[in-house]
Amino acid sequence: MTAVVSLRNVAKSYLRGRQQVEVLHGVDLDITAGEFLALMGPSGSGKTTMLNLIAGLDQPTGGEVQVAGQRIDRLSRAALSSWRAQHIGFVFQFYNLLPVLTAEANVEVPLLLTNLSGKERSKRVQTALQLVGLADRGKHKPNELSGGQQQRVAIARALVADPTLLVCDEPTGDLDRRSAEEIMNLLQALNRTQGKTIVMVTHDPKAAEYASRELHLDKGRLVDEVARKAA
Amino acid sequence: MTLFKQIGAVAVMNFKSLPHRVGTSVVIVIGIAGVVAVLISVLAMSTGMIETMEHSGRDDRAIVMRNGSASETGSALGRDAARLVADAPGVRRDAAGKPIASAEVLRLLNLFRKEDNAEVNVAMRGVGPQVQELRPELKIIEGRMFRPAVTEVIVGKAAHAEFKGLNVGDTFKTRGATWTVVGVFTTGGDSHDSTVLTDAETLINAEQRGGFQSVTVQLESAAAFQKFKDALTSNPALAIDVNRERDYYRRQSETISKVIYVIAYVVGGIMAVGAIFSALNTMYSAVSARLREIATLRAIGFGATAMVMSVLAEALLLALIGGAVGAAIAWLFFNGHQVSTSAGGQGVGHLIFELSVSPGLIAIGIIWACSIGLLGGLFPAIRAARLPVATALRAI
Amino acid sequence: MKYFGLIWAGLWRKRTRTFFTMASIVVAFLLFGLLQGLNQGFNTVVTNLNVDRLYVSAKTNMTDGLPIAYSARIKAVPGVRAVSHWTYFGGYFRDAKNPIPAFATDPEPLFQIYRELKVKPEYMEAMKKTRTGVLVSEQLAKQYGWKIGDRIPLGTSIWTTKQGSSTWMFDLVGTFDASAFGGFPSFYINQAYFDENAAFGAHTAHYFLVGIKDPHQATQISKQIDALFANSTYETRTQTESALAQMQLKQLGDINFIVNAIVGAVLFTLLFLTANTMMQSVSERTPELAVLKTLGFSDGKVLTLVLIEALMLCVFAAAIGLGLATFVFESGALRRIFGNFGMPLIVMAMGGGTALVLALVSGLPPAWRARQLNIVDALAGR
């Protein structure tokens, strides 16, 4: 069982004004390939911070972070950028699609960082959109899509470069009950049929039910673990 | 709340929040200041030139030239004609009963500017013996007046400062003679200050010129002009044009002033268009930034008109500030600034004058500023008014 | 470039704002093009002038005039191929409000010296044979509706005839093409006719026009001509065409400074406005830029994207502005005043350079801020 993600004694603190605030206190964590992990906890518990560290958006003040066999805590900012492009697909709570681009163009953005030809990029974009069930909405702009549809485009964007890890920060936080279910079903399907490793932060217990493993964080420490077998 | 109270309330709210929007507000102020500064500065050139030329002439003096001459240089008058003009009715006579008149002739001198050694054609004017009675504004400020029948000259104050070799005691050569500078004069800052004066007969003899080019007379009064003109134009022996001196001088600068006006308004106009665009930009983003505020106010019950007026009021205030700043810049840098140019054409000759940022120009600048502000604020204001309240509140 | 779509879309994030910003840049460069174009145009006209022509005038002042007899002596100077002259006549047609640029001259060598003026041989023949004949430019003839064979009266306020009249009668015997020049002497009278009729001022020339064989000898021949008449009653001053033009330009004096001051003020103002707008635009898009960084766009890439966006905006709008200015220059109205006048290439280059500077000045600060953007803070809205 290979660990795709490995955290060893990871600590993170921020400077807030004049005060040093410690958000994570020596966290240890292993995530195996193909897992669907839900990170839960009250606000201020440090779950988003941990997500950011795993996704290479931030670097720890102490400890080691290893993802896909690489010590990302050691990479420079520039190296981290290109590493992210290759290995991480990020899904945000507020979708964060570029409003001026069509759905297709939005999904294409990560591919612009690769050396693929225009044709190749097009192909992959179409594939990604099909995967999330929006192949017919490619030419629409975000303001012409519903919340659920926008999030699906965001997921397609996160997938298009075939990343090692799919990282989701409150993916259903801005959606109504029905759209939230759609999205969680999609994520679960991606995990089970495509074998995508997913790390998801959520405060919604219903969303966490779709995951295969549940972890709780409180005041910067892992406190609970719930393993769930695939239904 | 009545409309005025509403407008007042909203306007006050807007102004209170201005400090938050200092950056974008400064943009409008600077843009308009730029337009106004340029506009006023260029117009000041024209104003300065016209003022200088106008001061050269008075309403109770008249100038007579050959029929069809656009200016003195294109005229030729014989001695007989000059005498007939001086003897015409309407001309004031001095204590001895002689008519106060000056038969004059011009020639050009090649002089060199002290500043950059550029060569300039400067007017040398031969005047009649009664020139000081005719032009009481002429005062000798250094040295003395020239004597008749001797090749002496006096130089105007501006010319003295501008050109080399015109100090008292210096000499210069023309084709016919060598001339000595014996004095410096001023006529109170009109076009004559840029010229050199000498005795007409001396000049004619030295240069073997045919005769005079114009006659300037002192009229009994400004009203006597018509009498004077009629008498001369009805005389079949004379083919002449008669003009009030002030009109003549003003006309000489007309063409170049028109050109300067065109330039000022074209350049100013183009700049104004640019300023309107940036004012539009700024006001639009000001409105966008406060969509929630505006929508809330509308929801509370403030009318559309009040919103429009308040946005316009803000735009107007900023525009006024910009206009004042622009006018101040123009005044500071250019009021009284001296320009020396031959661009006025033959009739004006080489002219050294001061730019004049007059109250009239400042008023024009402020009006332009306000117009730009209003135009720039209009569409954003309408947008603020038309905003569908519900959508705005929700979309935020 | 594959990023083009992304950048272009970014530009139009707020349509109205981009449009207005572009419009102000277009306006700025229109002005820049017009003013600098005029400025440079004058300089170009001066340097492009024919160096194989010299102008001889009286040293004391051009208006003093020189004896016509000098013509033969000037012709004898080695290296001179033709000599003609201009004697100012002036005059007006019907009304003092219609001044005519009329000059008395020796027509045949005149057209040899000004090869840019095109005249038909039969017209030149007619001019030589007809004492009262005049050659008029096609443009001037068209303006007053004159046809070949017309009798044209000119009024004058200076040159009274021996008979005491202020009107001279001329016969239009031919026209010539003067489109190579703007505002050029375009009404030519035979000197012999003038000498015969004028009550005074006969046998005098204001400018001798000298055509030389080899332009490199211009300075040498000028000195020789002046040496011929040095220390005589009527001393001469000989100049090349460009020296003469430069002298006349200098007389405009401070106007050049004022034009440059205006251009400077305009550009500064608009630079300021544009820079401000762009900074606004970028700071509004902080979250989007953060997202791009999340997706793996490096700090450097994001900086480049913002800079390129600024460049595209400025260069595109500047090109439109300069294009409009060129259009104005090629228009008929200016052609009539300045002759064959195109937008000088150097102005285009200067405009391009200025657009680049504008892009950098307004794009660099926000681009730098974008580069330094901390993803986590930006996404969290801090």
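Overview of the overall build of chain A
Each helix and strand counted, chain A has seven helices and ten strands in total. For chain A, whose C-alpha radius of gyration is 17 Å, the value lies close to the compact-globule estimate of 17 Å for 231 residues. Along the three orthogonal principal directions, the C-alpha set of chain A runs to about 45 × 40 × 40 Å. Within chain A, the fraction of its 231 residues that count as buried is 48%. A separation of at least 24 residues holds for 69% of the contacts in chain A among residues at least 6 apart in sequence.

Focus on the overall build of chain C
When helices and strands are tallied, chain C shows 15 helices and twelve strands. Rg of the C-alpha trace for chain C: 30 Å, well past the compact-globule value of 21 Å for 382 residues, more than 25% over. In terms of principal-axis extent, the alpha carbons of chain C reach across some 100 × 45 × 35 Å. In chain C, buried positions account for 42% of the 382 residues. When contacts within chain C are restricted to residue pairs at least 6 apart in sequence, long-range pairs at least 24 apart make up 79% of them.

Details of the sheet that holds strand β5 (residues 70–71) of chain A
Neighbouring strands of a sheet are bound in pairs by backbone hydrogen bonds; such pairs are parallel or else antiparallel. All names here are of chain A. Across the sheet, four strands lie side by side as β2-β1-β4-β5; this open sheet has antiparallel pairing. Here the strands that pair on one side only, and so sit at the sheet edges, are β2 (19–32) and β5. Looking at chain direction, strand β4 (residues 62–67) and β5 are connected through two bridges and run antiparallel. Paired with Q66 across the bridge in β5 is R71.

Observations concerning the interface of chain B and chain C
In this complex, chain B contributes 45 residues to the contact, which on the side of chain C involves 41 residues. Contributing elements (two or more residues each) for the side of chain B that touches chain C: α2 (22–55), β2 (101–112), β3 (119–127), α9 (254–289) and β11 (338–341) of chain B. Tallying contributions element by element places α9(B) first for the side of chain B that touches chain C, with eleven residues.

Quick look at unusual backbone geometry
Backbone geometry places A:K219, a non-glycine residue, at a positive phi of 50°. Examined against the element boundaries, A:K219 turns out to sit in the loop between β9 (213–218) and β10 (221–227). By C-beta crowding, A:K219 is classed as partly exposed, having 14 other C-beta atoms within 10 Å. One non-glycine residue with positive phi stands out, namely B:N117, at about 60°. Relative to the assigned elements, B:N117 resides in the loop between β2 and β3.

Some points on the packing of helix α12 (residues 299–329) of chain C against helix α14 (residues 345–372) of chain C
Residue and element names in this part refer to chain C. Close contact between α12 and α14 brings their axes to 8 Å; oriented N to C, the two are set at 150°. In terms of orientation, α12 lies roughly antiparallel with respect to α14. Here α12 runs over α14; the crossing is right-handed. Residue classes in the contact of α12 with α14 are distributed as 19 nonpolar, four polar and two charged.

A closer look at the pairing of β2(A)
All names here are of chain A. Relative to β2, strand β1 (residues 3–16) is paired through ten bridges, and the arrangement is antiparallel. Looking at β2, one finds that V10 is bridged to V27. Linking β1 to β2, which pair antiparallel, is a turn of two residues; within it G17 sits at a positive phi near 65°.

With respect to the interface of chain C and chain A
Each side of the interface is counted separately: chain C has 20 residues, and chain A has 19 residues. Counted by class, the side of chain C that touches chain A contains ten nonpolar, six polar and four charged residues.

Description of the arrangement of the chains
Across the two pairs of chains that are in contact, the largest number of contacts falls between chains B and C. The two units chain A and chain B never meet; even their closest C-alpha atoms stay 12 Å apart.

Looking at the environment of B:L291
All names here are of chain B. Examined against the element boundaries, L291 turns out to sit in helix α10 (residues 291–300). Given 17 C-beta atoms within 10 Å, L291 falls into the partly exposed group. Expressed as a C-alpha distance, the spacing of L291 and L316, which sit 25 residues apart in the sequence, is 20 Å.

Some points on the environment of B:S102
Residues and elements named next belong to chain B. Of note, S102 is situated in strand β2. Sequence-wise, S102 and A200 are 98 residues apart; in three dimensions their C-alpha atoms are separated by 8.8 Å. Here S102 is in contact with V127, G128, Q130, V131, L134 and T216, once residues within four sequence places are set aside.

Looking at the confidence of the model for chain C
Residue and element names in this part refer to chain C. Averaged over every residue, the pLDDT of chain C is 84; the share at 70 or more is 91%. Of all the helices and strands in chain C, helix α13 (residues 332–338) carries the lowest mean pLDDT, 59, while strand β9 (residues 187–190) carries the highest, 94. With a pTM of 0.71, the predicted complex shows an ipTM of 0.78.

Considering helix α1 (residues 3–17) of chain B
All names here are of chain B. Between its first and last C-alpha, α1 extends 21 Å over 15 residues, near the 21 Å set by a 1.5 Å rise per residue. The set of residues buried in α1 consists of I7, V10 and N14. The buried side chains of α1 occupy one side of the element, clustering within an arc of 75° when seen end-on. The exposed residues of α1 that point more than 90 degrees off its buried face are F4, K5, V12 and K16.

Considering helix α12 (residues 359–386) of chain B
All names here are of chain B. For α12, with 28 residues, the first-to-last C-alpha span of 40 Å sits near the 40 Å given by 1.5 Å per residue. Taken as a whole, α12 carries its principal kink of about 35° at L378; the proline P380 stands between one and four residues after it. By the burial criterion, the buried members of α12 are L361, I364, G365, W368, A369, I372, G373, G376, G377, P380, A381 and A384.

Topic: the pairing of strand β7 (residues 178–186) of chain B
Residues and elements named next belong to chain B. Note: strand β4 (residues 139–143) against β7, four bridges, orientation antiparallel. Along β7, the bridge assignment pairs G143 with G183. Pairing of strand β6 (residues 171–173) with β7 involves three bridges; the strand directions are antiparallel. Within β7, the residue paired with T171 across the bridge is T180. From the end of β6 to the start of β7, which pair antiparallel, there are four residues.

Some thoughts on the packing of α1(B) against helix α11 (residues 304–334) of chain B
Residues and elements named next belong to chain B. Running from N to C, α1 and α11 point in directions that differ by 45°, and their axes come no closer than 8 Å. Viewed along their axes, α1 and α11 adopt a mutual orientation that is oblique. Between α1 and α11 the crossing geometry is right-handed. Residue-level contacts link L3, Q6, I7, V10, A11 and N14 of α1 to T305, A306, M307, M309, S310, A313 and E314 of α11. Each residue belonging to the contact of α1 with α11 can be placed in one class, and the counts come to eight nonpolar, four polar and one charged.

Thresholds, definitions, all that
Residues take numbers from 1 onward in each chain, read along the sequence in its written order. To read the labels, note that chains go from A and ligands from 1, taken in the order they are written. Thresholds applied to this predicted model are a pLDDT of at least 70 for local features of residues and 80 or more for the giving and counting of side-chain atom pairs; totals over whole chains, interfaces and linings are not thresholded and use all residues. The numbering of helices and of strands both runs from the N terminus, where a helix is a DSSP run of H or I of at least 4 residues and a strand a run of E of at least 2. For the radius of gyration, the atom set is restricted to C-alpha positions; the globular benchmark scales as 2.2 Å times the number of residues to the power 0.38. Partly exposed residues are those falling between the two cut-offs: more than 12 but fewer than 20 other C-beta atoms within 10 Å of their own, whereas 20 or more means buried and 12 or fewer means exposed, with C-beta atoms placed from the backbone. Contact criterion: two residues are in contact if their C-beta atoms, reconstructed from the backbone, are within 7 Å. In this scheme, strands are said to pair when DSSP sees at least two bridges between them. Only the contacting stretch of a helix is used when fitting its axis, a line to C-alpha atoms as for every element, and angles between N-to-C directions run 0 to 180 degrees. Working definition: roughly parallel below 35 degrees, roughly antiparallel above 145 degrees, roughly perpendicular at 65 to 115 degrees, and oblique for all remaining angles. Crossings are assigned a handedness: left-handed for a near helix turned anticlockwise from the far helix by less than a right angle, right-handed for a clockwise turn. Gly falls in the polar group here, along with every residue not listed as nonpolar (Ala, Val, Leu, Ile, Met, Phe, Trp, Tyr, Cys, Pro) or charged (Asp, Glu, Lys, Arg). The predictor attaches a confidence to each residue, and that confidence, scored 0 to 100, is pLDDT. A helix is expected to reach a length of 1.5 Å times the quantity of its residues less one. The arc in question is the one traced by the directions running from the helix axis out to the C-beta atoms. A residue's bend is given by the angle between axes fitted to the 7 residues ending at it and the 7 residues starting at it.

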